[in-house]
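Residues per chain, in single letters:
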Amino acid sequence: QNRPHMVWASKGDTAPSSAIKIEDGFIRSRGLGAELIPPLSLVCDKSGIYYDPTQPSDLETLLATGPALRSDQIDRARDLIKHLIENDVSKYNLGGSVTNLPDGYKILAPGQVENDASIKLGCPDIATNLELLRQTRAAHPDATVIYKPHPDVVADLRQGHIADADLRGLADFVLPHADISTLLTQVDAVHTLTSLTGFEALLRGCDVTVYGQPFYSGWGLTRDRAAPIHRRGRLLDLET
């Protein structure tokens with residue numbers, strides 16, 4: 001009887017203020033949520049939710065004010081990162097083809113679901129996949145730009161498709177079925193709105209530019225193009 005309410009984060013406005021908000025975890029599944037594949041992990045948050053930068057979340061508060069990690073905790077984080085990389089673990093773990101890309105500076109621009117809450121809440125300036133590609137191409141006119149549409153969009157389940165005609169001159173390669181873990185080993189940088197792919201890229205040593213305000217921006221790890229969030233600013237290492 002005294003157990004707290006738990007509510008999906010997107011429905012949090014209709015829940016009691018004491019409700020715990022839940023959302024898919026960062027390692028989600030071997031399939032798509034839009035195809036009703038159950039998640040392998042969940043995020044639980046008492047104060048907000050990680051994808052909403054308009055208010056504090058438990059994760060943001062921990063990153064901003066939490067105590068410094070002990071050396072054994074840092075070692076544990078490094079071991080976890082190593083395990084994820086060695087086993088090619090990503091958010092959806094869909095597998096896919098491997099593509100040989102040309103030499104030279106290569107940028108991956110991962111597409112997103114454009115009506116997703118992380119876009120609505122965390123993109124104050126640009127909020128579409130097409131504009132992401134335009135900004136990326138303008139910043140790096142001579143780079144090889146690889147666009148990977150979001151799996152939910154490829155499956156025609158969510159919003160965010162870009163017409164082939166609009167992609168011309170912006171993306172050198174469009175790879176809807178490439179394995180994301182493999183792609184991240186082949187590119188030099190990732191440009192993204194708020195995608196978790198940006199965080200996965202940081203784990204793999206890529207340079208990351210963000211045009212929105214994902215949970216991993218504002219800590220000195222990314223090149224941030226959106227307005228800073230005043231609650232952030234503490235400089236963190238990847239492991240901490």
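The preceding data block contains the structure.
Residues numbered from 1 in each chain as written. Predicted model: local features only at pLDDT ≥ 70, side-chain atom pairs only at ≥ 80, totals over all residues. Heavy atoms only, no water.

Details of the environment of Asp 88
Stage number 1. With respect to the helices, strands and loops of the structure, Asp 88 is situated in the loop between α2 (71-86) and β4 (106-110).
Stage number 2. The exposure class of Asp 88 is partly exposed, given its relative accessible area of 43%.
Stage number 3. It is 29 Å that separates the C-alpha atoms of Asp 88 and Arg 225, two residues lying 137 residues apart in sequence.
Stage number 4. Contact partners of Asp 88, with chain neighbours within four places excluded, come to Asn 93, Ser 181 and Arg 204. (Helix = DSSP H or I, 4+ residues; strand = E, 2+ residues; numbered from the N terminus. Buried < 20%, exposed > 50% of the residue type's maximum accessible area, 1.4 Å probe, protein only. Contact = heavy atoms within 4.5 Å.)

A look at the pairing of strand β2 (residues 20-24)
Stage number 1. In terms of residue burial, β2 counts as a mostly covered element, since five of its five residues are buried.
Stage number 2. In this sheet, β2 lies alongside strand β1 (residues 6-8) in parallel orientation, the contact comprising three bridges. By the bridge assignment, Met 6 is partnered in β2 with Ile 20.
Stage number 3. Here β2 pairs with strand β3 (residues 42-45) via four bridges, running antiparallel. Residue pairing across strands places Asp 24 opposite Leu 42, the latter belonging to β3. (Pairing = 2+ DSSP bridges.)

Observations regarding the sheet that holds β2
Two modes of strand pairing occur in sheets, parallel and antiparallel, and in both the strands are linked by backbone hydrogen bonds.
Stage number 1. Taking strand neighbours across the sheet as the criterion, the three strands line up as β1-β2-β3 in an open arrangement whose pairing is mixed. The open sheet has two edge strands, β1 and β3, and neither has a second partner. Ignoring which end each strand starts from, the neighbouring axes of this sheet average 35° apart. (Axes fitted to C-alpha atoms, helices over the stretch in contact; angles between N-to-C directions.)

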